[in-house]
Structures are given as C-alpha cells and as structure tokens.
Amino acid sequence: MLKCKINGQDVEVAEGSSIIEAFKATGQDIAHYCWHPGLSVAGVCRLCMVEIEGNPRLQIACNTQVQEGMVINNNSDKIKDAVKWGLDFHLINHPLDCPICAQAGECQLQIQYMKFGQYDPEMAERKVKKRKVVDLGPKIVLDTERCILCSRCVRFTDEVSKTNELGIFNRGDHSEIGTVDDRPLDNPYSVNTVDICPVGALTSREFRFQQRVWYLKNETTVCNGCSTGCSTKVYFNEEGMWRVKPDHNDDVNGYWMCDEGRGTPRFVNKDSRLLSAWNGQKDEGQDLEAGAAAKAVGQTLKKVVAEQGSDKVAFVVTGQYTDQENRAFLSLAKDLGVKVYHWVNNPEKMDEFDGLLIRGDKNPNTYGLKEAMKEVGVGSPWSELESSVSDLEYVVVAGPENHFAYSDLTDKVDLFSKANHQVWFVAGDHDVLRAASNKVSLIPTKTYVEKDGTYKNFEGREQRIRRVMTLVPGALSLTEASKLMSGQELLVDGNVSESYRKTNFFSSNERGYL
Amino acid sequence: MSLVKKPSFKASWYLIGIFKGMGITFSNMIRNLVKKAGNDKISLAMKTYNYPEEKYEYGPRFKGNHVLTVKKDGSIRCTACMLCATNCPAQCIKITAAESDDNTVEKYPISYEIDILRCVFCGYCEEACPVDAIRMGPEWQTAALNGSDFSYDIKHLAYRAQLKGGIVSRVDEEERHKAGI
C-alpha cells in the first residue's frame, strides 16, 4: 500500500493505482471525461489536472501513478485556470443545443461549465459544423457535433463488447466518431455506450425525448431479465418506469448491462399490465377485486381437494418470483397436498452464456425456486402434467411477469386449457389468456419494482430487490395471494420497517442535477 | 395565541367616517350627472369604460395570456426543452416532446398545454425560454364557457384569431447558424 495526501487528506491506495483512483477512494470531486473505471486509460480530455508537490508542471490524474508520499491537490487557482481553459477548448465546436439534447441535466459538460466555466467565449472563428442525428443502428442516435472525442465508446466496443464497430475518423477539428460506412452499431451491449458518453453525442433511441432526466427519480434494484441478476438503477416518475441503467457491482456485472435488460419498462408499465382480476371464458367475463378473487380461488381449491382428491389440482411455478413468494406459494401447495410442476420456458437454452453477462435462463430466480422446491419437498416432472392435464379440475399457474422471455406462453395456455379451470397469477394482460377455451381466472401480481424480496442468481448469490413504486394498486405479490388463498387476512399495520421506505420519493430533496 | 383588542375610543366614532365616504360618493355622482364624460378635454367626470363593448388595452409588457411564437415559415418555435415547465411554480405547463422528421428541427412539441386556471401569471416561463418561444401578451380575459376551454393547446396558444397567423419569434435558428453560433 502507498500513502499519499489528497487535498490535505491522507489516503492509502494499492500499488499501481492512478491518482484519479486515489481521488475516488477519498470521495473527492475531480473532473474527468475520458477516464472510466471500467475502461483503459486514454488521457485525452486533459481535464483531470492535478498539482503534485515538487513537480513544476500540472499532471493528468488518470495516467499518473501514485508514488509513496505524494502530496496532490486539485483545488489551487492554477488547476482551476487549467480546467477552465481545457473546458473552453472542448466547447469551441460544441453546439449549444442543450434545450434539445437528451443528455441535458446529466451532462458532464454542463456540470463542469457551471463549476469552472461561466465565461464569455473568446473564440472568434465559426464553429465547425458536423453531422447531426446520424442513424447509428436500431438503438442509438449519434450527434457528431456534440462529441468531445473522449473515445470512451470506442474503447468500450474494443475492450468490453469486443465488437470493434466504432472509431474516430478524420483529423483535427474534423474528427468525428462513427462506424465504417455508417454500418449499424448493433450488438447486445451497445446502449452502454450511451451511458458512458459524458455528453449527448450518443443517445438512446428508446429514451430520447421521452422525459427530461431531472423529472425522474432513481433507485437501485436487481434486473429480472435473466439469471445473471445485474445490479441496475431504475428511473421512474409518477407515470411509470422510463429507463434502466446499470449500477456498479464488481461481483456481478461490473459497470455494464445488456440491452435486453433495459427493456423491462415494456412489461412493468401500466399500459401492458393486468389492472384487476378477471373471471371468464372466451373473451367474456367480469372484472373483480384481486384480493377477493384470490380468496374465492382458495376456497374453491380447498373444496375441490376435499371432495374430489388432491390429484385434481396442479400448481405450476416459474422462476420469475422472489424466494419469499416461492416459499409461500409452495407451502400452500404442500398444505393442500397438490403436485407442483416447474415450467421451464426454454429448456434447450437454459445453460447458455455469452461470456460477458447474458445468460440463456431468462428467469431471475431459477436457482432459488429449485432450492425452495427441494426444501419444501414438492416438485414433479413436467411430462406427468402433460399426460394428466385433461383429468385435472384446476391448474393454478404462477405465470411470468416478463412474458417477452416466455415465447411458449400460447402453447402452455393451450395445454392448460385441457383442464376444467385455469387460474393465472400474472402481471401482464394477455389476449391469449382471456381467449382460452376453459374457465379462466386472472389475478394481477406485482412486478419486481413493486415488491420486496430476494432473488438468487445463477450461482446462488442472494440479491435483494426493493419496492420502488406502485403502478397497479390492486396487484398482489404471490406471498399476499398465497396468504389470502389459505384463508388468512392481509394485515396492514402501516409500520414501515425498511428505512428507505420511510421517505416519500417525490418529496425528497434529491432531484438530479441542474 | 390570538390577541383580542378592544376598539379604540376614536374608532367608535365611525359615523364620521361613513359620512365622509358617502360625501365623496355622492359628490362624484352629482358631478357625473352634471358634466358628461368625453364632451370636453378637461372633463371633471370620472373615466369609466363601457365594458364589454370597450376594453382597456394594457401595454405590451403586461403579463397576460400566453402566446407561443412561430418561425418565419409559420411552424411552432418551441423546441420542447421543458425549461418553462420546469421553472413553472404552478406546474401548469404540460409538454409532450417528439422527434421530428426534419433533421434541422430534431425535437418539437406534439402537445403543449397550459392550464390557465392554475397559472399565476408570474412570467417565469417567458424568462426561462431560451428561444423566445413563449411570451405573455397583453390579453387579459380568460373567461370561457366550460372547463376544457381553460386548458390552452398549441392551436389556441400559437394560432388563435387575435394573433392573426402567429407572432414571429426573435430567435431564428438559421440566422444563428449563419452567424456561426
């Protein structure tokens, strides 16, 4: 370990660390555009200037290693002047289109300008005009004028996704980011380049212009897109969830996440959700309160089991629910004495892995479900259900909330239609379910941003998800539904045990930059 | 704690005040009956308007009803940057942005609504606007027949009949580009 002093604060860092890492370790502010902790060092933006005692010239913090006993500061007037002029050079050709820029509000250039700049430009020459609104594939829009050539995105495609699409073309002030012959930038991790872009040069086509970032709140949670379980930040407001970004977690995902995981607002938001319980058959039926529907189902199940035997009812589970929910649901099955079947959505792809993050198992908690089934002592082979389904009175399905990963949903609905009734706990509203030929009960469930619980990822790592917002007020978690089905009441005591839930998100002071 | 004050001795002689006030009222009334307004320049008659036939016109700096300005080609100037909506203390502005097919425009509002009943006419939207897209004009009547008429949309804000085809914004994108900004 090496000792050094940063702005008067003593800090110890590992040998070989750069000064900027030492700054991060102390938690002190330092400007940087090109340096990113997950990428190699480029040293092109020249803004992380520091003054080292005994060194006559200013050095860049990202490419200078810490030596024993170094005394470093970045708050002298000399540094402020250097950063100010560095910023001035960055802004020479930068168009001032913040009003229409999707990055405004979380733009490093804006933040930096408010801190160090606030000058009148001294550039007499005209700005160099470059290409705007370049179509860079299905997910990304490029604006070469706004780019400050930090090369983060280029390094990302070289080092992390290893697809090498992006590069810097031309020379001098005509340099611009681009792909060869404007080929699309389309790899499974491409939207990460938007996240790491310190300015608004790369913007996500999906999120662009949807919301101003300062209207959104964010909260960390765990992605439920696959069994990797990346740490993510969800951005939301009163209307719903707008985007997902990766959160730093060295043990799971580092600084990145896949593009598919960013699509969770598609099935979380209200317009795709089942808003109330529904009882019916072939598109004709009536809406019910979710809690009352769950209670009624519980009573009928008990009756059927008592009168016709427990082999007339089957429970189907998926790896989409939290540990707590699984245990409650499986215990209910055990109490009733019915058989439980595990619905695997894509058995042939379950063990696939692309080497970076994406896994073939598109359930966040398959590991936890298997463990819970073993613990509770239930579980029967799927083939048994397929052969016996036509004799069944009731099939109770804990359905998927991410129905995009369940391409076999229609097939399974057809299969369960052979039984007399099917009961679905499901978050999304699906036409196939309402059109099923037997009697159907649909009960809305909460999605992963509306409940507390734990997921166990592919290697059994326990990760906590938390309630971030409420989108469908009537929806039940599977724990609540199981409680109601077993005849208990939901006790709402109003005591909030988790500290983070005591604050009201929409009245707290944290409102983003600007 | 509230203080209860007994009326002072002076205030108990309220009849004097009433007679003074009535004196002013009646003297004005009699003057208006004798001298008719508008006949001579130095009329002593009180100036009144025959509203609604006659309306008072405020100066251009008056903070009245909002106007969305237009570009030279008549399209809406607003870039949907949401700064007015962010700055609005009454939260009465609602904008939905969309991507334009025109590369030079990029972002524009597909809907811009002002709930005039919530508006406090503070003028912060005008101050926040970077492109002179929203102004507060001299119009001051906000009466309407039903609730939905109080929610002003783009059609009303930019193209209502009183504006005679729209007011042109002072900030022109093309001129700025020519100047090298």
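Note that the structure is a prediction, hence the values are computed from the model and not measured.

**Q** Describe the overall build of chain B, with residues and values.
**A** The number of helices and strands found in chain B is five helices and five strands. Overall, chain B shows an N-to-C arrangement of helices and strands of α-β-α-β-β-α-β-β-α-α. Here chain B has a C-alpha radius of gyration of 25 Å; the compact-globule value for 181 residues is 16 Å, and the former is much larger. For chain B, the proportion of its 181 residues judged to be buried stands at 20%. In chain B, the proportion of contacts linking residues at least 24 apart, taken out of those at least 6 apart, comes to 67%.

**Q** So what about the overall build of chain A? Which residues, and what values?
**A** When its secondary structure is counted, chain A shows 13 helices and 22 strands. Here the C-alpha coordinates of chain A stretch approximately 90 × 50 × 45 Å along the principal axes. Residue burial in chain A is summarised as follows: out of 514 residues, 44% are buried. Restricting to contacts in chain A with at least 6 residues of sequence separation, those with at least 24 account for 66%.

**Q** Account for unusual backbone geometry, naming residues and giving values.
**A** Residue tyrosine 51 of chain B is joined to proline 52 of chain B through a cis peptide bond whose omega torsion reads 5 degrees. Looking at the element boundaries, proline 52 of chain B is found in the loop between helix H1 (14–34) and strand E1 (66–68). Here aspartate 283 of chain A, not a glycine, exhibits a phi torsion of approximately 65 degrees, which is positive. Backbone geometry places alanine 80 of chain B, a non-glycine residue, at a positive phi of 55 degrees. Within the secondary structure, alanine 80 of chain B is located in the loop between E1 and helix H2 (83–87). The class for alanine 80 of chain B is buried, based on 24 C-beta atoms found within 10 Å.

**Q** Can you lay out the domain arrangement of chain A for me, pointing to particular residues and giving the numbers?
**A** What the domain assignment reports for chain A is domain 1 (2–90), domain 2 (127–270) and domain 3 (273–501). Each of domain 1 of chain A and domain 3 of chain A has a C-alpha centre, and these two points are 52 Å apart.

**Q** So what's going on with the sheet that holds strand E3 (residues 107–115) of chain B? Residues and values would help.
**A** All names here are of chain B. The three strands lie next to each other as E2-E3-E5, forming an open sheet whose pairing is antiparallel. The open sheet terminates on both sides in strands that have one partner only, identified here as strand E2 (93–99) and strand E5 (151–152). In the sheet, E2 pairs with E3 via seven bridges, with the strands oriented antiparallel. Directly across from lysine 94, in E3, lies its bridge partner glutamate 113.

**Q** How would you summarise the pairing of strand E12 (residues 231–237) of chain A if you had to cite specific residues and measurements?
**A** All names here are of chain A. Buried residues dominate E12, accounting for five of its seven residues. Judged from the six bridges that link them, strand E11 (residues 217–222) and E12 form a sheet pairing that is antiparallel. Counterpart to threonine 221 in the pairing with E12 is threonine 232. Across six bridges, the pairing between E12 and strand E13 (residues 240–246) is antiparallel. Bridge pairing in E13 places valine 234 opposite valine 244.

**Q** An account of the interface of chain B and chain A is needed here, citing residue identities and associated values.
**A** If you look at the interface, chain B gives 15 residues, while chain A gives ten residues. For the side of chain B that touches chain A, the elements supplying multiple residues, two or more each, are H2 and E2 of chain B. Looking at the side of chain B that touches chain A element by element, the count peaks at three residues for E2 of chain B. Partitioned by chemical class, the residues of the side of chain B that touches chain A number eight nonpolar, four polar and three charged.

**Q** Please set out the pairing of E3 of chain B residue by residue, giving values where relevant.
**A** Here E3 of chain B pairs with E5 of chain B via two bridges, running antiparallel. Bridged to aspartate 115 of chain B within E5 of chain B is serine 151 of chain B.

**Q** Mind laying out the packing of helix H7 (residues 290–308) of chain A against helix H13 (residues 478–485) of chain A, listing which residues take part and the relevant values?
**A** All names here are of chain A. Where H7 meets H13, the axes come as close as 7 Å, and the angle between the chain directions of the two elements is 50 degrees. As far as their axial angle goes, H13 and H7 are oblique. Both H7 and H13 take part in a crossing whose hand is right-handed. On the side of H7, the interface is formed by Gly291, Ala294, Lys295, Val297, Gly298 and Leu301, while H13 contributes Ala481, Leu484 and Met485. Across the contact of H7 with H13, the residue classes tally to six nonpolar, two polar and one charged.

**Q** Quick one: what's the story with the domain arrangement of chain B, residue by residue and with numbers?
**A** What the domain assignment lists for chain B is domain 1 (8–48) and domain 2 (66–178). Once you take the C-alpha centre of each, domain 1 of chain B and domain 2 of chain B turn out to be 45 Å apart.

**Q** Before we move on, can you summarise the nonpolar core with the specific residues and values?
**A** Among the nonpolar cores identified, the biggest contains 81 residues, and Val316 and Ile443 of chain A are the most heavily contacted of them. Here this core gathers at least three residues from each of two domains, domain 2 (127–270) and domain 3 (273–501) of chain A. Residues within four places of isoleucine 443 of chain A in sequence aside, it is in contact with Ala277, Ala290, Ala293, Ala294, Trp424, Phe425, Leu476 and Ala481 of chain A. Formed by 78 residues, the second largest nonpolar core is a distinct cluster that contains Leu47, Val66 and Phe207 of chain A together with Ile114 of chain B.

**Q** Please set out helix H11 (residues 409–416) of chain A residue by residue, giving values where relevant.
**A** All names here are of chain A. Among the residues making up H11, those that are buried are Leu409, Lys412, Val413 and Phe416. Taken down its axis, H11 places every buried residue within 105 degrees of arc, on the same side. Buried residues along H11 sit against strand E18 (394–398), strand E19 (421–426) and helix H12 (431–434).

**Q** So what's going on with the packing of helix H2 (residues 77–90) of chain A against helix H3 (residues 108–116) of chain A? Residues and values would help.
**A** Residues and elements named next belong to chain A. H3 packs onto H2 with a crossing angle of 135 degrees between their chain directions and a minimal axis gap of 10 Å. Classed by the angle they form, the pair H2 and H3 counts as oblique. The hand of the H2/H3 crossing is left-handed. On H3, the residues that touch Lys80, Val83, Lys84, Leu87 and His90 of H2 are Leu109, Gln112, Tyr113 and Phe116. Tallied by class, the residues present in the contact of H2 with H3 amount to five nonpolar, two polar and two charged.

**Q** Tell me about the confidence of the model for chain A, residues and numbers included.
**A** For chain A, the mean per-residue pLDDT works out to 89, and 96% of the residues sit at or above 70. Low pLDDT, under 50, characterises residues 502–514 of chain A; the stretch is placed with 15 contacts to residues that sit more than four places away or in other chains.

**Q** Kindly report on H3 of chain A, identifying the contributing residues and their values.
**A** Residues and elements named next belong to chain A. Within the sequence span of H3, burial applies to Leu109, Gln112 and Phe116. The arc that holds the buried residues of H3, viewed along the axis, is 65 degrees, so those residues lie on one side. Residues of H3 that are buried in the fold lie against H2. Glutamine 118 occupies a position one or two residues after H3 and carries a positive phi of about 55 degrees.

Here is what the cut-offs are and how they apply
Residues numbered from 1 in each chain as written. Chains lettered and ligands numbered in written order. Predicted model: local features only at pLDDT ≥ 70, side-chain atom pairs only at ≥ 80, totals over all residues. Helix = DSSP H or I, 4+ residues; strand = E, 2+ residues; numbered from the N terminus. Rg over C-alpha atoms; globule rule 2.2 N^0.38 Å. Buried ≥ 20, exposed ≤ 12 C-beta atoms within 10 Å, placed from the backbone. Contact = placed C-beta atoms within 7 Å. Domains from an automatic or database assignment. Pairing = 2+ DSSP bridges. Nonpolar A, V, L, I, M, F, W, Y, C, P; charged D, E, K, R; others polar. Axes fitted to C-alpha atoms, helices over the stretch in contact; angles between N-to-C directions. Parallel < 35°, antiparallel > 145°, perpendicular 65-115°, else oblique. Left-handed = near helix turned anticlockwise from the far one by under 90°. Core = buried A, V, L, I, M, F, W, Y, C linked by C-beta atoms within 7 Å. Arc of directions from axis to C-beta. pLDDT = per-residue confidence, 0-100.

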